[in-house]
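Residues per chain, in single letters:
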Amino acid sequence: MHSFGYRLNGLLTFAVTILALMCVITSLSDNFNTPSPSAEIKITNINWFQKQPQGHDEVSLTMNVSADLQSLFTWNTKQIFIFVAAEYETLKNSLNEVSLWDAIIPAKEHAKFWIHTSNKYRFVDQGNNLRGKKFNLTMHWHVMPKTGKMSADKIVLTGYSLPEEYR
C-alpha cells in the first residue's frame, strides 16, 4: 500500500503534466489566427525643424494615428505593445530608426483607436541629414500572449518627407 506522500506526488505530477499540455495546446492554437490589422498615420504639422547647438537635426511632428488592431487579439493575448518609428537612410547608415510614439493596448476593446499627438520621443538625427529627407513611418507591434512565444510584425507607411529648410 502506498503512503499519503506517494499518492500526493502522483496526483501533483499528473496535474502539472495536464497543465503543461494545456499550455502547449493554447500556444499552438494561436498559429491558426490570421490577423488583418490596419493603420494610418497622417502628419498634420511640423511644429519645428531646427539644428541643435551640437549640430544635430531635430524635428517635432504632430500626427493623427489611427489603427484597427482588434484582429491581433485572441483568447491567449494578454496585451499588445505598439510603437511608431520613423525610418530613413543616410550615407553613413542604410537604416536609421527613431521611435516617435508608443502605447500598450491591454484589451481588444481598446485596439481600435484614433489619437492626435505629438511625437512622444525626440526625433533627432546625429548630423544634419534630415533636410529634404524622405522617410517612412512604421507601426510596429509585439503581441504578448498569456502563454507561448511573443510575436511581432509591422506596417510600413511610405511617402513622407521633411522640409528643405529649418523652421
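The structure we're discussing is the one just above.
From a predicted model like this one, the values you see are computed outputs, not experimental measurements.

## Quick notes on the overall build of the protein chain
Piece 1. Counting its secondary structure elements, the protein chain contains one helix and eight strands.
Piece 2. Reading the protein chain from its N terminus to its C terminus gives the helix and strand order α-β-β-β-β-β-β-β-β.
Piece 3. Taken against the 2.2 N^0.38 rule, which gives 15 Å for 167 residues, the C-alpha radius of gyration of the protein chain at 23 Å runs more than 25% over that of a compact globule.
Piece 4. Projecting the C-alpha coordinates of the protein chain onto the three principal axes gives extents of approximately 90 × 30 × 25 Å.
Piece 5. A burial count over the protein chain gives 35% of its 167 residues as buried.
Piece 6. Summarising the internal contacts of the protein chain: among those between residues at least 6 apart in sequence, 66% fall at separations of at least 24.
Piece 7. As displayed, the protein chain offers around 10600 Å² of accessible surface, 57% of which is attributable to carbon and sulfur atoms.
Piece 8. Distance between charge centres in the protein chain, computed from 16 positive and 14 negative side chains, equals 5 Å.

## Considerations on the pairing of strand β1 (residues 38-51)
Piece 1. Pairing of β1 with strand β2 (residues 57-68) involves twelve bridges; the strand directions are antiparallel. Looking across to β2, one finds that glutamine 50 is bridged to glutamate 58.

## So, the side chain of threonine 90
Piece 1. Within the secondary structure, threonine 90 sits in the loop between β3 (77-88) and β4 (96-105).
Piece 2. Discounting chain neighbours no more than four positions away, the residues touching threonine 90 are Asn96, Asp125, Asn129 and Lys133.

Scoring rules and cut-offs
- Residues numbered from 1 in each chain as written.
- Predicted model: local features only at pLDDT ≥ 70, side-chain atom pairs only at ≥ 80, totals over all residues.
- Heavy atoms only, no water.
- Helix = DSSP H or I, 4+ residues; strand = E, 2+ residues; numbered from the N terminus.
- Rg over C-alpha atoms; globule rule 2.2 N^0.38 Å.
- Buried < 20%, exposed > 50% of the residue type's maximum accessible area, 1.4 Å probe, protein only.
- Contact = heavy atoms within 4.5 Å.
- Areas by Shrake-Rupley, 256 points an atom, 1.4 Å probe, with all protein chains shown as cover.
- Lys, Arg positive; Asp, Glu negative; His and termini not counted.
- Charge placed at Lys NZ, Arg CZ, Asp CG, Glu CD.
- Pairing = 2+ DSSP bridges.

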